[in-house]
Amino acid sequence: MLTANEIADAKGRVRYQDSNVVHEHDDCVRIAYQWLDAQITTKSKLKRTHPLARFITVWGGRRIASADVEVAAELHHRIRGYYPHFNIRSRFTLPSDGRLADIAEARTQDYSLTATHIIKTYGSIEDP
């Protein structure tokens, strides 16, 4: 699990894409990290813009700011690029619920992972 010190250090290193930087909670960075960790990395970065923070919000059940995703990407050893153009496959992988088990703020807000959302976001579901 990412520590508060690791997250704070990463916040200081990130070159944010938006000038209005808003962080929700350290657990939001942890949720985003778990989502990114489940994705398959590629040599090239995403060309198309996707609302990654929104996808992670629905999966994690708690609002995730794009700045939280940027920090999670900074901390992840396989993720390269800048929000939302990371080196992940455009056919996203739906992470298992077990990835959220030790994150206290996960699934604490009223976001529901519906079948429609899963089909639109992930197409064919893969569980790493």
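See the structure above.
Keep in mind the model is a prediction, meaning the values are calculated, not measured.

Caption draft 1: Representation of the nonpolar core. Counting 34 residues, the largest nonpolar core has Ile31, Trp35, Leu36, Val69, Leu75, Phe86 and Phe92 as its most contacted members. Within the residue set of this core, elements represented by two or more residues are α1 (4-13), α2 (26-38), α3 (52-60), α4 (66-75) and α5 (115-122). Considering each element in turn, this core owes the most residues, seven residues, to α2.

Caption draft 2: Region of interest: the pattern of salt bridges. Counted according to the given criterion, the structure contains nine salt bridges. Put simply, Glu74 and Arg13 hold a salt bridge, and the shortest N to O gap is 2.8 Å. Note that Glu74 is positioned in helix α4 and Arg13 in helix α1, a separation of 61 residues in sequence. The class for Arg13 is partly exposed, based on a relative accessible area of 45%. Note that Glu24 and Arg63 form a salt bridge whose closest N and O atoms lie 2.7 Å from each other. In this pair, Glu24 is assigned in the loop between α1 and α2 and Arg63 in the loop between α3 and α4, connecting sequence segments 39 residues apart. Residue Glu24 is classed as partly exposed on the basis of its relative accessible area, which comes to 31%. When its relative accessible area of 37% is taken as the criterion, Arg63 is described as partly exposed. Beyond isolated ion pairs, a larger network of salt bridges with shared partners links Glu24, Arg62, Arg63 and Glu105.

Caption draft 3: Seen up close, the layout of surface pockets. Roughly 190 Å³ of volume is contained in the largest pocket. Residue lining of the largest pocket: Arg13, Val14, Arg15, Glu70, Ala73, Glu74, Ile79, Arg80, Gly81, Tyr82, Tyr83 and Phe86, and that is the complete set. Where the lining of the largest pocket is concerned, the elements lending two or more residues are α4 and β1 (81-82). With three residues, α4 is the single largest residue contributor to the lining of the largest pocket. By residue class, the composition of the lining of the largest pocket is six nonpolar, one polar and five charged.

Caption draft 4: Quick peek at the side chain of Thr121. Counting through the fold element by element, Thr121 comes out in helix α5. Its relative accessible area of 10% is what places Thr121 among the buried residues. Setting aside its immediate chain neighbours within four residues, Thr121 contacts Phe55 and Phe92.

Caption draft 5: Inspection of the environment of Val71 at higher detail. If you trace the backbone, Val71 turns up in helix α4. Separated by 38 residues in sequence, Val71 and Tyr33 have C-alpha atoms that sit 8.4 Å apart. In contact with Val71, not counting residues within four places along its chain, are Ile7, Ala10, Lys11, Val14, Tyr16, His23 and Val29.

Caption draft 6: Main features of the packing of aromatic side chains. Per the stated rule, a full pass over the model turns up three aromatic pairs. Centre to centre, the rings of Trp35 and Phe92 are 5.5 Å apart; their planes meet at 50°, and the pair counts as tilted. With Trp35 in helix α2 and Phe92 in the loop between β2 (85-86) and α5, the pair connects residues that are 57 residues apart, well separated along the chain. A relative accessible area of 2% means that Phe92 is categorised as buried. Their ring planes at 70° and their centres at 6.2 Å tell us that Tyr83 and Phe86 sit as a pair that is edge-to-face. Classification of Phe86 by relative accessible area gives buried; the value is 1%. An aromatic cluster is defined as three or more aromatic residues linked by ring pairs; in this entry it consists of Trp35, Phe55 and Phe92.

Parameters and conventions
Residues numbered from 1 in each chain as written. Predicted model: local features only at pLDDT ≥ 70, side-chain atom pairs only at ≥ 80, totals over all residues. Heavy atoms only, no water. Core = buried A, V, L, I, M, F, W, Y, C linked by side-chain atoms within 4.5 Å. Buried < 20%, exposed > 50% of the residue type's maximum accessible area, 1.4 Å probe, protein only. Helix = DSSP H or I, 4+ residues; strand = E, 2+ residues; numbered from the N terminus. Salt bridge = Lys/Arg side-chain N within 4 Å of Asp/Glu carboxyl O. 1 Å grid on protein atoms, 1.4 Å probe; cavity = no way out; pocket = protein on both sides within 12 Å on 5 of 7 lines; lining within 4 Å. Points joined across faces, edges and corners; volume = space filled by probe spheres on them. Nonpolar A, V, L, I, M, F, W, Y, C, P; charged D, E, K, R; others polar. Contact = heavy atoms within 4.5 Å. Phe/Tyr/Trp six-rings, centres within 6.5 Å; stacked < 30°, edge-to-face > 60°.

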